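# Secondary and tertiary structure notes
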Amino acid sequence: MVATAVLVALSVSACAGKRKKPTLAYEERPVELLYSTGANRLDRGNWNEAVDYFREVERQHPYSEWSRRSILMTGYAHYMGNQYSEAISDADRFIGLYPGNPSASYAYYLKAVCYFEQIVDVNRDQAATEQAMAALRDVVQRYPNSEYAQDARLKIDMVSDQLAGKEMTIGRYYLKNGQTLAAIGRFRTVVDRHQTTSHTPEALYRLVESYLTLGLLDEAKRNGAVLGYNFPGDPWYGEAYKLLTSNNLRPAVEPLKAGNKRNALDRLLHDKDATLTPPAGDATPPATTPPATTTTGTTATPSEAKPPAKPKKGGIMGVLGM
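Residues numbered from 1 in each chain as written. Predicted model: local features only at pLDDT ≥ 70, side-chain atom pairs only at ≥ 80, totals over all residues. Heavy atoms only, no water.

### What to know about the packing of aromatic side chains
Stated precisely, the cut-off is as follows: Classification of ring pairs uses Phe, Tyr and Trp, with its six-membered ring standing for Trp, and accepts pairs whose centres are within 6.5 Å; under 30 degrees between planes counts as stacked, over 60 as edge-to-face, and the remaining range as tilted. Helix and strand labels come from DSSP, where a helix needs a run of H or I of at least four residues and a strand needs a run of E of at least two; each type is numbered from the N terminus. To sort residues, take the accessible area from a 1.4 Å probe on protein chains only and compare it with the maximum for the residue type: under 20% means buried, over 50% means exposed, and anything in between is partly exposed.
Scanning all chains against the criterion turns up 12 aromatic pairs. Relative to Tyr148, the ring of Tyr106 has its centre 5.7 Å away and its plane inclined at 70 degrees; by these criteria the two rings are edge-to-face. Remark: Tyr148 occurs in helix H8 (residues 147–176) and Tyr106 occurs in helix H6 (residues 104–116); sequence separation between them is 42 residues. Across the pair, Tyr148 and Tyr106 agree in class, each one buried. One aromatic cluster is present, formed by Tyr35, Phe54 and Trp66 through successive ring pairs.

### Looking at helix H11 (residues 217–230)
As a reminder of what qualifies: By definition here, a helix of n residues has an expected span of 1.5 Å times n minus one. By the convention used here, residues are in contact when the closest approach between their heavy atoms is within 4.5 Å.
With 14 residues, H11 should cover 20 Å at 1.5 Å per step; its first-to-last C-alpha distance of 20 Å lies within 8% of that length. Considering only its buried residues, H11 is in contact with helix H9 (180–193), helix H10 (200–214) and helix H12 (235–246).

### Brief notes about the packing of helix H4 (residues 65–80) against helix H5 (residues 84–97)
Our working rule: Note on method: axes are straight lines fitted to C-alpha atoms, helices fitted across the in-contact stretch only, with angles between N-to-C directions ranging 0 to 180 degrees. Orientation labels follow simple angle bins: below 35 degrees gives roughly parallel, above 145 gives roughly antiparallel, 65 to 115 gives roughly perpendicular, and whatever is left gives oblique. The sense of a crossing depends on the near helix, which, turned anticlockwise from the far helix by less than a right angle, makes the crossing left-handed and, turned clockwise, makes it right-handed. Note on residue classes: Ala, Val, Leu, Ile, Met, Phe, Trp, Tyr, Cys and Pro are nonpolar, Asp, Glu, Lys and Arg are charged, and everything else, Gly too, is polar.
Axis separation between H4 and H5 bottoms out at 7 Å; the angle between their running directions is 160 degrees. When the axis of H4 is compared with that of H5, the two are roughly antiparallel. Two packed elements cross with a definite hand, and for H4 against H5 that hand is left-handed. Within the contact between the two elements, H4 uses Arg68, Ile71, Leu72, Thr74, Gly75, His78 and Tyr79 and H5 uses Tyr84, Glu86, Ala87, Asp90, Arg93, Phe94 and Leu97. Looking at the contact of H4 with H5, its residues break down into seven nonpolar, three polar and four charged.

### Describing the nonpolar core
Where we set the bar: We define a nonpolar core as any set of buried Ala, Val, Leu, Ile, Met, Phe, Trp, Tyr and Cys residues linked to one another through side-chain atoms lying within 4.5 Å.
Membership of the largest hydrophobic core comes to 49 residues, with the highest contact counts inside it found for Leu42, Tyr79, Tyr106, Cys114, Phe116, Leu136 and Val159. Those elements that place two or more of their residues in this core are helix H2 (31–44), helix H3 (47–60), H4, H5, H6, helix H7 (127–142) and H8. Looking at which element gives the most residues to this core, the answer is H6, with 11 residues. Core analysis: the second largest hydrophobic core is formed by 23 residues, Ala164, Phe187, Tyr237 and Leu249 among them.

### Overview of the pattern of salt bridges
Side chains bearing opposite charge may pair, as long as their charged atoms lie close to each other. Definition in use: For this analysis, a salt bridge means a side-chain nitrogen from Lys or Arg found within 4 Å of a carboxyl oxygen belonging to Asp or Glu.
Tallied over the entire structure, the rule returns 15 salt bridges. For Arg206, the salt bridge identified is with Glu202, shortest N-O distance 3.1 Å. Of this pair, Arg206 and Glu202 both sit in helix H10, separated by four residues, roughly a single helical turn. Glu202 matches Arg206 in its accessibility class, with the two residues each being buried. Where Arg206 meets Glu209, a salt bridge forms, and the shortest distance between an N and an O atom there is 3.1 Å. Placement of both Arg206 and Glu209 in helix H10 is noted, with a separation of three residues, approximately one turn of the helix.

### Things to note about the packing of H4 against H6
For the pair H4 and H6, interaxial distance at closest approach is 11 Å and the crossing angle is 15 degrees. With respect to each other, H4 and H6 are oriented roughly parallel. For the crossing formed where H4 meets H6, the hand is left-handed. For the pair H4 and H6, the contacting residues are Leu72, Gly75, Tyr76 and Tyr79 in the first and Tyr106, Ala107, Leu110, Val113 and Cys114 in the second.

### Notes on the confidence of the model for the chain
So the rule is basically this: Every residue is assigned a pLDDT by the predictor, reflecting its confidence on a scale from 0 to 100.
This prediction gives the chain a mean pLDDT of 76; 69% of its residues lie at or above 70. Scored below 50 in pLDDT, residues 1–20 shows zero contacts in the model against residues more than four places distant or in partner chains. Confidence drops under a pLDDT of 50 for residues 259–280, and excluding neighbours within four residues, the segment shows 62 contacts in the predicted structure.

Structural data, given as structure tokens:
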């Protein structure tokens, strides 16, 4: 009996010690006021409060055009607060309820960006990277002529670079440990599937190195020729040229001198993180902040009121050293 009383007392104490998240008291208010207040909380960076107000729009005015818009705003507020799972859930809810709505394109885009920002470095599991690639390609496939597709294509290049980096990491490990055939498989994946990434020159060099190790001279020379044709000024071709020449397999193309790099697949990465503002929603929101045009380093906002930029947590830009 005494033990039971103690347990009850502990349970009560534990419950009393838990601090519940404050919620809005129900008070019927005009939809414009609720929505404007939510947008204002976004402007101030109060993501959780913004979520509360946009949810209140849905609760008090479930059949209004503002309710539909508030689902996306809730998702964006969750995203800004780095609550990616919640943001993805909000996007999925919008897609499920309004699949034919023009703003569904933003919901798909928001999902893709959430996966994109969860990409980790190449030494860890790349599940989020694969999800990001699938989601970004989905945006491009569904809305090929949209501004979201344009941004998605840029991010696809970066995700592909990440996946190629993972293959290179594993391939180098195999090569170092004498598992040459396994290493070749990884390097071939980079060349065949991720040939426009920054890892392609090294992958071709590693293939030259691997095939020479196995005594497959023709394969080594062929991959060296591909490397020299596409990347004549890359340092990796310089190394491959020395390696092949030392094995009496002098390539026809000599490496370019420093400063004359003319790689066929050079890419411009300076604006990879630029995003575009989505089109206006179905309804004109109450006046808050003037509409934004193009933003850089932030994700497109689902409302006409643009919140301040969110400090990022590294993400793929940090992983790639940019």
